[in-house]
Amino acid sequence: MPKPIKILIVEDSTADAELILRELSRGGYEAEHRQVAQASTFNEALNENHWDVILCDYTMPGFRGTEALQITRNRGVNTPFIFVSGTIGEETAVAAMRAGAQDYVVKDNLSRLVPAIERELRETEVRKDWERSEKERRAAEGRFHSLLDLAPDAIVATDENLQITIFNRAAEAMFGFMAEEVVGMTLEHLLPTEWSHDDPLHSAVDFEAIFATGNGAARLVEDGQTGLMLVLRDTSERKRAEATLRKLSSAVHHSASLIMITDREGVIEYANPSLLRKMNFMEEEVVGKKPSIWKSGKTKEATYIQLWETILAGMDWHGELENRCADGRSILVSATVSPVKDSTGEITNFISIQEDVTETRAIQRQLQQAQKMEAVGQLTGGVAHDFNNLLSIVIANLDSLIERLHSPAALELATEALHGALHGADLTKQMLAFSRNQTLDSVTIDVRSLLESSATMLQRTLGELIDVRIRIPENLWPCVADKSQLETAILNLAINGRDAMPGGGTL
């Protein structure tokens, strides 16, 4: 059954648009489309529908493809944008992709169109999933801070040096300070002047105390972990505080991040639903086990050793792990594993917060490979261009020398040198073609003559251990190709054969 797809075609040629639609139909798609060729109708089309893909010619009378691309991105439309043109060059296409286009397809090679569209549709889904995940994460963080501000209890948190880091609205009302006034100050600024270092705060236990508030009310202080987390409330309001803490726990439970808590031995005590869904495990399959149940074997053992050494020393560990899901899939996660300490500073638990970065890293690798190939192409083109200039001088002088030589032996040597220089020029032509600085020269080639003339070169190249034999059928067809490219292909095949026979043999 054909797959439905909504296509906006920016094209002045109805015939070319029909070719595109025919190619989509061959690829299994039933296209709902609109064809436009002017800026006004293009803007109108962007308003009227949510398109899956925009296919755009690069050059049209009165409306360039780059203008359509700029309009699309300026309006914040993230629909995949693919150039389909017969005139766009490689360098222009690269510049267009840097400006925001996802791909380009040459009209003479529309077989690339459907794979390009399918790839962009997949990547669009990946981007949407990532954006949804980021939105959920930011929303969870926002809900956490909102909960702090909406909590009826005063919440004050400090770091390990007792410097205040969190001071919510209820704390502002209780102490009479604004948050910006006290954040960064030490906790002693909130304590009565008669407080001594022998008081319960420095023994890290729960206690009731009179704080330096305007009303001098009694409050319960609870010790924190690596610093202090103080939940200050009237003891009569304990139930309300417990409800607030349940909300915070619920925020963790419903977080989009993959969260796991283990005991000090690494036995899993809790895994949130996001982790269970991502790893395709049931809760009973995880709780009571160690995280080694999802080792994939693709993460170095040294990484796990470093992880344990770090967290057992009381520090956070950050890194990437490749985990195996219950269904056999592997996912790459960016993980932070932190120790949880009790009031005496002893480690009681570990908490791991992970994010799935599988698709992100894959996209980064593709981008790096594309950049690497572009750099190699530029380097190759520069070297080939300079070398071709040198060969031009050599060839010209050899031509002149051959006209003046009378000795048969010298004439033979000069002719052979000229053939070698001409072959070198063919090689530089291949390098220029690779670097996209020169087009291939397709001509009709007598393959029989080409193979026969290559026999001597192949034998010299492959060495004495390889016996080269050439058998050519009588009805061998001619072909249309770049001659130097075809010679290189034959040579590469022969070298592959030689490498497969290290002890020598017959090719």
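Residues numbered from 1 in each chain as written. Predicted model: local features only at pLDDT ≥ 70, side-chain atom pairs only at ≥ 80, totals over all residues. Heavy atoms only, no water.

Asker: Help me understand the pattern of salt bridges in this model?
Answerer: If you walk through the whole model with that rule in mind, you get 23 salt bridges. Residue Asp16 pairs with Lys107 through a salt bridge whose shortest N-O separation is 2.7 Å. Taken together, the residues Asp16 in helix α1 (residues 14-26) and Lys107 in the loop between β5 (103-106) and α5 (113-150) connect sequence positions 91 residues apart. Judged by relative accessible area, which is 22%, Asp16 ranks as partly exposed. Between Glu320 and Arg361 there is a salt bridge; the shortest N-O distance is 2.4 Å. Pair noted here: Glu320 is in strand β13 (residues 317-324) and Arg361 is in helix α12 (residues 358-404), with a separation of 41 residues, a long-range link. Relative accessible area serves as the criterion here: at 33%, Glu320 is assigned to the partly exposed category. In the salt-bridge network here, residues are joined through shared partners; they are Glu11, Asp16, Asp57 and Lys107. (Salt bridge = Lys/Arg side-chain N within 4 Å of Asp/Glu carboxyl O. Helix = DSSP H or I, 4+ residues; strand = E, 2+ residues; numbered from the N terminus. Buried < 20%, exposed > 50% of the residue type's maximum accessible area, 1.4 Å probe, protein only.)

Asker: I'm lost on the packing of aromatic side chains in this one. Help?
Answerer: A ring pair, where both rings are aromatic, is described by two values, the distance of the centres and the angle of the planes. With the rule as written, the count across this model stands at 5 aromatic pairs. On the basis of an interplanar angle of 55 degrees and a centroid distance of 6.1 Å, the ring pair of Phe42 and Phe63 is categorised as tilted. Here the residue Phe42 occupies a position in helix α2 (residues 39-48), and Phe63 occupies one in the loop between β3 (53-56) and α3 (65-74), the gap between them amounting to 21 residues. Exposure class is identical for Phe42 and Phe63. Each is buried. On the basis of an interplanar angle of 70 degrees and a centroid distance of 5.2 Å, the ring pair of Tyr58 and Phe83 is categorised as edge-to-face. Linking Tyr58 in the loop between β3 and α3 with Phe83 in strand β4 (residues 81-85), this pair joins segments that are 25 residues apart in sequence. Judged by its relative accessible area of 11%, Tyr58 is buried. Over the ring of Tyr304 we find Lys295, and its NZ or CZ is 4.4 Å from the ring centre. (Phe/Tyr/Trp six-rings, centres within 6.5 Å; stacked < 30°, edge-to-face > 60°. Lys NZ or Arg CZ within 6 Å of the ring centre and 35° of its normal.)

Asker: How do you make sense of the sheet that holds strand β10 (residues 228-232) when you look at a structure like this?
Answerer: Strand pairs in the sheet, formed through backbone hydrogen bonds, run parallel or antiparallel to each other. The strand order β7-β6-β10 describes an open sheet built from 3 strands, whose pairing is antiparallel. The open sheet has two edge strands with one neighbour each: β7 (164-167) and β10. Taking the axes of each pair of neighbouring strands and ignoring which way they run, one obtains an average angle of 15 degrees across the sheet. Direction of pairing for strand β6 (residues 154-158) relative to β10: antiparallel, over a ladder of 5 bridges. Considered in β10, the bridge of Ala157 is made with Met229. (Pairing = 2+ DSSP bridges. Axes fitted to C-alpha atoms, helices over the stretch in contact; angles between N-to-C directions.)

Asker: When you look at unusual backbone geometry in this model, what are you seeing that I'm missing?
Answerer: Negative phi is the rule for most residues except glycine; trans is the rule for most peptide bonds. Not every positive phi belongs to a glycine, and Leu162 is a case in point at roughly 65 degrees. Checked against the element boundaries, Leu162 lands in the loop between β6 and β7. For Asn280, which is not glycine, the phi dihedral falls at a positive 65 degrees. Assignment of secondary structure puts Asn280 in the loop between α9 (273-279) and α10 (283-286).

All we've got here are geometric facts, nothing functional implied.
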